[in-house]
Amino acid sequence: MKRTLRMLAAVLMGLTFAGTAGAQGAAAPQTQKAPPDYSAFPCLSYTQPCGKVATRPPVSKALDGPLNGNAEKGKQLAQARNRGNCLACHVIPGGSQPGTRGLDLSHFGSSGRSDAEAYAMVWDMRTINPETLMPPFGTNEILNEQELRDVVAYLLSFR
Amino acid sequence: MHDRKRTPALTAMALALCALAAGNVLGEQPYRERYPDAKIDPAKGVEGDVGFSDTIQYWRTEADLERNAGLADKPAEQWKLNWKHMDLDRIDLHPGHLAVDEGAALVKKLAARDPAFLTCLGEGSAEIKGKAAAYPKFDVALGRILTVEGRIEQCAKSVLGEDLPQGKPPNTKISVYFKSLSAGVPTKVDIGNTKVMEAYRRGEQSFYVRTGQLNMACASCHVPGSIMGHKLRGETPTTPFGDTAHYPTYRTPVGALESLQERFARCHNQMRTQPLKPGDPAYTDLEVFMTVLTNGYPISVPSAR
């Protein structure tokens, strides 16, 4: 045990220096980005305006016209950490490091859900389960209308 | 409500809003969704994890950690160690130790300018050993709750007129040094103090309220039945019990120190919630809540994660 601890310490020391170099790299202007602004949504502040923003109530969204989603684009959106990130909670085909809390969606296309049902779920799962952990992708504008259709087309392609 | 000319629809809306507000614990709060309350008993301190995540059996003592060290190699079970196995590493090569030395040097330098800096940290005595374990606490003279970092900021300002903002390296280094002088001392936030308990209750509210674009609460990831214990891509959220004992910590992946409130901000970014500045009153209340959930567990600073 002590031996592995010593080795670990050595590794940690090595990383300190790697970390320092990384920090310098991050200070370079081309990699600097303004932090994202989420102040349109509720926050914990006692004084800032976002502290007074209310939760957006659940929305039952009816699918307008045919789905017309692009499954290929949907795949990108579902896997990207900064977009749908469905993979954070769900197992989806071909995704690496899937999450384990949501359901396995690998055969969702065979579950008998219509386009409209699947669309409404991703738009706002709270309409089905008020205490869901799943973010309301449509209501909170995490995905826009077309992106949401793309993701649903992708989901429904899993047989 | 006395305006007779108001349209019925508007009156109905106003009434509905009043009803909503009245139904809320804090009358002036906007409508917010919440994660169901896990009913934590503050009096139990860290032992509240029994019947909660029940992982404390693996990390309660060093002997428990040694006995369950094998869990660290099991991806699906590693989270049960609450990362406390990292605390067994107490040898001098540990990078967090550098911060202790740097923090000690900073205190020495500041106390050389005015010895009152040290007696301010020690609340009337130059001896600061063991004192960090009682934070956050209510300071009667100041009339507010102070964390260790808040005390450092306040002493630097009041004694030396110097700004040592919370969450910035000089403050965090001094905090590491200050807390290292309480290493092994059980966390003991005074829950008998009314002001402390008021802060605890506000922090508790914050823990369960859903925020941000993803509409999640801290509890969405850190209580049983939530995402806790489940893979969230590469990570697995753990129990909130015992966490504050090893903060501020040295973050190996980025090679930098991180204070507890900077960690709150990092979770907030993950939740796509507007993060607050370290030292913000809402974060201080959240720190009170989380530190009460560590009561009884020994301080383990310096640490690395």
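Residues numbered from 1 in each chain as written. Chains lettered and ligands numbered in written order. Predicted model: local features only at pLDDT ≥ 70, side-chain atom pairs only at ≥ 80, totals over all residues. Heavy atoms only, no water.

**Quick word on the overall build of chain B**
No. 1: Per the secondary structure count, chain B includes 11 helices and four strands.
No. 2: Counting only contacts in chain B whose residues sit at least 6 apart along the sequence, the fraction spanning at least 24 positions is 64%.
No. 3: Only carbon and sulfur atoms are counted for the fraction: they give 58% of the accessible area of chain B, which is about 13,300 Å². (Helix = DSSP H or I, 4+ residues; strand = E, 2+ residues; numbered from the N terminus. Contact = heavy atoms within 4.5 Å. Areas by Shrake-Rupley, 256 points an atom, 1.4 Å probe, with all protein chains shown as cover.)

**Observations concerning the overall build of chain A**
No. 1: In terms of helices and strands, chain A carries four helices and zero strands.
No. 2: Taken from the N to the C terminus, the helices and strands of chain A come in the order α-α-α-α.
No. 3: Within chain A, the proportion of its 159 residues that are buried is 40%.
No. 4: Accessible surface for chain A amounts to roughly 8,900 Å². Of this, 59% is attributable to carbon and sulfur atoms. (Buried < 20%, exposed > 50% of the residue type's maximum accessible area, 1.4 Å probe, protein only.)

**Structural notes on the interface of chain B and chain A**
No. 1: The interface of chain B with chain A comprises 47 residues on the first partner and 53 residues on the second.
No. 2: Carbon and sulfur atoms supply 58% of the area that chain B and chain A bury against each other, a total of about 4,400 Å² over both sides.
No. 3: Of all residues in chain B, Gln213(B), Arg233(B) and Arg272(B) bury the most surface against chain A, accounting for 19% of the area lost on that side.
No. 4: Here chain B is connected to chain A by one salt bridge.
No. 5: Here Arg126(A) makes a salt bridge to Glu33(B), at a shortest N to O gap of 2.7 Å. (Buried area = accessible area lost by both parts, 1.4 Å probe. Salt bridge = Lys/Arg side-chain N within 4 Å of Asp/Glu carboxyl O.)

**Some thoughts on the pattern of salt bridges**
Residues and elements named next belong to chain B.
No. 1: By the definition in use, this model includes 19 salt bridges over all chains.
No. 2: Here Arg 113 and Glu 162 are joined by a salt bridge, their closest N and O atoms 2.8 Å apart. Residue Arg 113 is located in helix 4 (residues 96-113), and its partner Glu 162 is located in the loop between helix 6 (148-160) and helix 7 (169-180); the two are separated by 49 residues in the primary sequence.
No. 3: You can call Glu 162 partly exposed: its relative accessible area is 26%.
No. 4: When the shortest N-O distance is used, the salt bridge between Arg 151 and Asp 139 registers 3.0 Å. Of this pair, Arg 151 sits in helix 6 while Asp 139 sits in strand 1 (residues 137-139), placing them 12 residues apart in sequence.
No. 5: Overall, Arg 151 belongs to the buried group, its relative accessible area being 3%.
No. 6: By relative accessible area, which is 12% here, Asp 139 ends up buried.
No. 7: Look at the salt bridges and you will find they share partners, linking Glu 123, Lys 137, Asp 139 and Arg 151 into a network.

**Quick look at empty space enclosed by the protein**
Over the atoms, a rolled probe matching the size of one water molecule traces out where space is still vacant.
No. 1: Applying the stated criterion across every chain, the model contains two cavities of 30 Å³ or more.
No. 2: Looking at the largest cavity, its volume works out to about 150 Å³.
No. 3: Around the largest cavity, the lining comprises 16 residues; the ones closest to its centre are Tyr135(B), Lys179(B), Thr244(B), Glu287(B) and Thr291(B).
No. 4: Each residue belonging to the lining of the largest cavity can be placed in one class, and the counts come to nine nonpolar, four polar and three charged.
No. 5: Quantified by volume, the second largest cavity comes out at close to 30 Å³.
No. 6: What lines the second largest cavity is Phe41(A), Pro42(A), Thr55(A), Arg56(A), Asn140(A), Thr211(B), Gly212(B) and Asn215(B).
No. 7: Tallied by class, the residues present in the lining of the second largest cavity amount to two nonpolar, five polar and one charged. (1 Å grid on protein atoms, 1.4 Å probe; cavity = no way out; pocket = protein on both sides within 12 Å on 5 of 7 lines; lining within 4 Å. Points joined across faces, edges and corners; volume = space filled by probe spheres on them. Nonpolar A, V, L, I, M, F, W, Y, C, P; charged D, E, K, R; others polar.)

**Overview of the side chain of Asp49(B)**
All names here are of chain B.
No. 1: For Asp 49, the position within the fold is in the loop between helix 1 (8-22) and helix 2 (56-59).
No. 2: The charged side chain of Asp 49 is buried without a salt bridge, its nearest counter-charge being Arg 60 at 7.4 Å.
No. 3: Within the structure, Asp 49 has its side chain in polar contact with the backbone nitrogen of Thr 55 (distance 3.2 Å). (Lys, Arg positive; Asp, Glu negative; His and termini not counted. Polar contact = N/O pair within 3.5 Å; in protein donor to acceptor, adjacent residues only side chain to side chain.)

**Digging into the confidence of the model for chain A**
No. 1: Per-residue pLDDT for chain A averages 82, and the proportion of residues at 70 or more is 80%.
No. 2: Scored below 50 in pLDDT, residues 1-30 of chain A makes 24 contacts in the model with residues more than four places away or belonging to other chains. (pLDDT = per-residue confidence, 0-100.)

**Notes on the packing of helix 3 (residues 115-123) of chain A against helix 4 (residues 145-156) of chain A**
Residues and elements named next belong to chain A.
No. 1: Closest axis-to-axis distance for the helix 3/helix 4 pair is 10 Å, and the angle between their directions is 120°. Taken together, the axis directions place helix 3 and helix 4 in an arrangement best described as oblique. Two packed elements cross with a definite hand, and for helix 3 against helix 4 that hand is right-handed. On the side of helix 3, the interface is formed by Asp 115, Ala 118, Tyr 119, Val 122 and Trp 123, while helix 4 contributes Glu 145, Leu 148, Arg 149, Val 152, Leu 155 and Leu 156.
No. 2: By residue class, the composition of the contact of helix 3 with helix 4 is eight nonpolar, no polar and three charged. (Axes fitted to C-alpha atoms, helices over the stretch in contact; angles between N-to-C directions. Parallel < 35°, antiparallel > 145°, perpendicular 65-115°, else oblique. Left-handed = near helix turned anticlockwise from the far one by under 90°.)

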